[in-house]
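If you want the building blocks of each chain, they are given just below.
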Amino acid sequence: MNSLIRSTGRCLRSGAAACLLRTADGRVGAASARFLCSAADVQKDLGELVKKDKVVVFMKGTPAQPMCGFSNAVVQILRMHGVDQYSSYNVLEDQELREGVKVFSNWPTIPQVYFNGEFVGGCDILLQMHQNGDLVDELKKLGIRSALLDAEKESK
């Protein structure tokens with residue numbers, strides 16, 4: 001058992017998605033590094049991920065190629081505000097990440113947006129914040145000036 005834990009730790013530190021493990025009887029098998037982590041470890045990892053950048057988005061696809069309309073809407077809203085530098089994680093690439101982030105936030109849908117490690121919401125909430133002006137204020141708290149403020153000045 002200890003060799004399994006050590007192997008899993010080495011595997012996770014190396015960043016591998018899967019690793020080969022030798023069992024006590026000498027057999028070699030492959031295992032997902034994430035699968036070997038406990039749910040608590042996944043939640044701890046998510047806690048670190050959401051603090052990795054001022055803006056973090058868990059989405060289906062990537063900002064360059066969103067794979068659902070809601071994820072695309074979040075990317076477009078951020079883009080309209082000039083927010084191009086943020087961390088994004090494609091939940092379609094990792095089922096445990098997809099389910100883990102739902103448990104972490106206690107929110108059942110993807111995409112999910114975080115500001116300074118705090119859960120903001122999904123597409124609907126970000127859209128509402130955009131429409132009522134709250135998003136400009138929240139971005140300002142992060143030290144990000146919304147591009148919409150500049151566009152508003154130019155139109156006057």
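Everything that follows concerns the structure shown earlier in this document.
As a starting point, this report considers the structure included with it. (Residues numbered from 1 in each chain as written. Predicted model: local features only at pLDDT ≥ 70, side-chain atom pairs only at ≥ 80, totals over all residues. Heavy atoms only, no water.)

Here we look at the sheet that holds strand β5 (residues 112-115)
And then number 1: The four strands lie next to each other as β4-β3-β5-β6, forming an open sheet whose pairing is mixed. Only two strands of the sheet have a single partner each, and these edge strands are β4 (87-90) and β6 (118-121). Averaged over neighbouring strand pairs, the angle between their axes works out to 25 degrees when direction is ignored.
And then number 2: Examined bridge by bridge, β5 and β6 share three bridges and lie antiparallel to one another. Considered in β6, the bridge of F115 is made with E118.
And then number 3: Sheet strands in contact with helix α3 (residues 69-80) are β3 (55-59) and β5, and its direction is about 160 degrees off that of β3. (Pairing = 2+ DSSP bridges. Helix = DSSP H or I, 4+ residues; strand = E, 2+ residues; numbered from the N terminus. Axes fitted to C-alpha atoms, helices over the stretch in contact; angles between N-to-C directions. Contact = heavy atoms within 4.5 Å.)

Considering the nonpolar core
And then number 1: Core analysis: the largest hydrophobic core is formed by 19 residues, its most contacted members being V55, V57, L78, F115 and L126.
And then number 2: Elements that contribute at least two residues to this core include exactly β3, α3, β5, α5 (123-132) and α6 (134-141).
And then number 3: Looking at this core, the element that brings in the most residues is α3, giving four residues.
And then number 4: Among residues more than four places away in sequence, those in contact with V55 are L78, V83, Y86, S87, Y114, F115, L142 and I144.
And then number 5: Core analysis: the second largest hydrophobic core is formed by twelve residues, V42, L46, L97 and Y114 among them. (Core = buried A, V, L, I, M, F, W, Y, C linked by side-chain atoms within 4.5 Å. Buried < 20%, exposed > 50% of the residue type's maximum accessible area, 1.4 Å probe, protein only.)

Side note on the state of the cysteines
And then number 1: Using the criterion set out here, one finds zero disulfides in the structure.
And then number 2: C68 forms no disulfide, and the closest cysteine sulfur to it belongs to C123, at a distance of 8.0 Å.
And then number 3: We classify C123 as buried; its relative accessible area is 10%. (Disulfide = S-S within 2.5 Å.)

Quick word on the pattern of salt bridges
Side chains that differ in charge, positive against negative, can pair when their charged atoms come close.
And then number 1: Scanning the model with the defined rule gives three salt bridges in all.
And then number 2: With a shortest N-O distance of 3.0 Å, E138 and K141 are connected by a salt bridge. With a gap of three residues between them, E138 and K141 both fall in helix α6, about one helical turn apart.
And then number 3: According to the relative accessible area criterion, E138 is partly exposed, its value standing at 26%. (Salt bridge = Lys/Arg side-chain N within 4 Å of Asp/Glu carboxyl O.)

A few points about the packing of aromatic side chains
And then number 1: This model, assessed by the stated rule, comprises five aromatic pairs.
And then number 2: For the ring pair F58 and Y89, a centre distance of 5.3 Å and an interplane angle of 25 degrees mean the geometry is stacked. Here F58 is found in strand β3, whereas its partner Y89 is found in strand β4, with 31 residues between them in sequence.
And then number 3: F58 sits in the buried class, given a relative accessible area of 0%.
And then number 4: According to the relative accessible area criterion, Y89 is buried, its value standing at 15%.
And then number 5: Between F58 and Y114, the aromatic rings sit 5.7 Å apart at their centres with planes inclined by 80 degrees, giving edge-to-face as the arrangement. Taken together, the positions of F58 in strand β3 and Y114 in strand β5 put the pair 56 residues apart, joining distant regions of the chain.
And then number 6: The exposure class of Y114 is buried, given its relative accessible area of 1%.
And then number 7: One aromatic cluster is present, formed by F58, Y89, F104, W107, Y114 and F119 through successive ring pairs. (Phe/Tyr/Trp six-rings, centres within 6.5 Å; stacked < 30°, edge-to-face > 60°.)

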